[in-house]
Amino acid sequence: MSLCIAVLTGVLTWSLLEYVIHRWLGHDRRFRGNAFGVEHIRHHIEGGYFAPGWKKLIVAAVAAVVAGVPAVWAVGLPTGAAWVAGLIGFYGVYELLHRLEHVYGGIGPYGRWARRHHFTHHFVDARRNHGVTSPLWDWVFGTYQKPATIPVPERLCMQWLKDPATGEVRRDWAETFVLRGDKQPGQVT
Ligand SMILES: [Zn+2]
Ligand SMILES: [Zn+2]
């Protein structure tokens, strides 16, 4: 197996973990109370809240060892290390993208897609669109929802979405997002 394929396999592995962790640890009531779920529900309720970076670094370092040792044992040092590099590297990409979705309006078609996909999860139906970097596993598991109009509660509105001059949704996003006065109960499931 070439190192390139090993890295790509690591990327794909994170992509699946991103879905599994978010859907089941973040939103499944059967696992409510787990450390990720507690932080994640707070992220939904407060909008701009993210778990502290030091916690994520510790988890990433532990995960790199827990995943890396058996991988290196199974397929050797270069291939195992390349797989872990893909896994942890793409986890970093996910963290960055997710943070940017909340704090920055984004660039290009992928930036627009990522925001529409993720905020459909936040504000339309938290049982849909668990993928953040791609819709791949939402397609596979049947939780994909094509983004339509996304109603954003005033209280949770992202700064980049609002035109400071008018207090309304910026013109270039007006086809996608609308502001509404209050958050409907029961959206976080
Ligand atoms: Zn989010
Ligand atoms: Zn969520």
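Everything numeric in this text was worked out from a predicted model, so none of it was measured.

### Regarding the coordination of the zinc ion (ligand 2)
Geometry reference: four tetrahedral donors at a metal, ideal angle 109.5 degrees. Six octahedral donors, ideal angles 90 or 180 degrees.
Then, number 1: At 2.0 to 2.2 Å from the zinc ion (ligand 2) lie its protein donor atoms, namely His22 (NE2), His27 (NE2), His40 (NE2), His44 (NE2) and His121 (NE2).
Then, number 2: Taken in sequence order, the residues that donate to the zinc ion (ligand 2) follow the motif H-x4-H-x12-H-x3-H-x76-H. Like His22, the residue His27 is buried in the burial classification.

### Quick look at the pattern of salt bridges
Then, number 1: Summed over all chains, the structure comprises seven salt bridges.
Then, number 2: Between Asp28 and Arg30 there is a salt bridge; the shortest N-O distance is 2.7 Å.
Then, number 3: By relative accessible area, which is 15% here, Asp28 ends up buried.
Then, number 4: The closest approach of N and O atoms between Asp172 and Arg170, which form a salt bridge, is 3.1 Å.
Then, number 5: Judged by its relative accessible area of 35%, Arg170 falls in the partly exposed class.

### Brief notes about the environment of Gly10
Then, number 1: By secondary structure assignment, the location of Gly10 is in helix α1 (residues 3-27).
Then, number 2: You can call Gly10 buried: its relative accessible area is 0%.
Then, number 3: Put simply, Gly10 and Leu87 are 77 residues apart on the chain and 4.1 Å apart in space, counted from C-alpha to C-alpha.
Then, number 4: Apart from the residues within four sequence positions on either side, Gly10 is in contact with Trp83, Gly86 and Leu87.

### Some words on the coordination of the zinc ion (ligand 1)
Then, number 1: The zinc ion (ligand 1) binds to the protein through His43 (NE2), His98 (NE2), His102 (NE2), His118 (NE2) and His122 (NE2), with metal-donor distances spanning 2.1 to 2.2 Å.
Then, number 2: Donor residues for the zinc ion (ligand 1) sit on one chain with the sequence pattern H-x54-H-x3-H-x15-H-x3-H. Note that His43 is positioned in helix α2 (residues 35-46) and His98 in helix α4 (residues 77-103), a separation of 55 residues in sequence. By the burial criterion, His43 is buried, and His98 matches it.

### Description of the packing of aromatic side chains
Then, number 1: The full count for this structure, using the stated rule, is 15 aromatic pairs.
Then, number 2: Measuring from centroid to centroid gives 5.8 Å for Trp24 and Phe141, while their planes differ by 85°, and the two rings are edge-to-face. With Trp24 in helix α1 and Phe141 in helix α6 (residues 136-141), this residue pair connects regions lying 117 residues apart in the sequence.
Then, number 3: Given a relative accessible area of 23%, Trp24 falls into the partly exposed group.

### What to know about the confidence of the model for the protein
Caution applies to low-pLDDT parts of the model: their predicted coordinates are not meant to be read in detail.
Then, number 1: Looking at the protein, pLDDT values average 93 and 95% of them are 70 or higher.
Then, number 2: Model confidence for the protein, summarised as mean pLDDT per element, is weakest for helix α3 (residues 53-75) at 91 and strongest for α6 at 98.

What counts, and where the lines are drawn
Residues numbered from 1 in each chain as written. Chains lettered and ligands numbered in written order. Predicted model: local features only at pLDDT ≥ 70, side-chain atom pairs only at ≥ 80, totals over all residues. Heavy atoms only, no water. Donors = N, O, S within 2.8 Å, 3.2 Å for Na, K, Ca; no water. Buried < 20%, exposed > 50% of the residue type's maximum accessible area, 1.4 Å probe, protein only. Salt bridge = Lys/Arg side-chain N within 4 Å of Asp/Glu carboxyl O. Helix = DSSP H or I, 4+ residues; strand = E, 2+ residues; numbered from the N terminus. Contact = heavy atoms within 4.5 Å. Phe/Tyr/Trp six-rings, centres within 6.5 Å; stacked < 30°, edge-to-face > 60°. pLDDT = per-residue confidence, 0-100.

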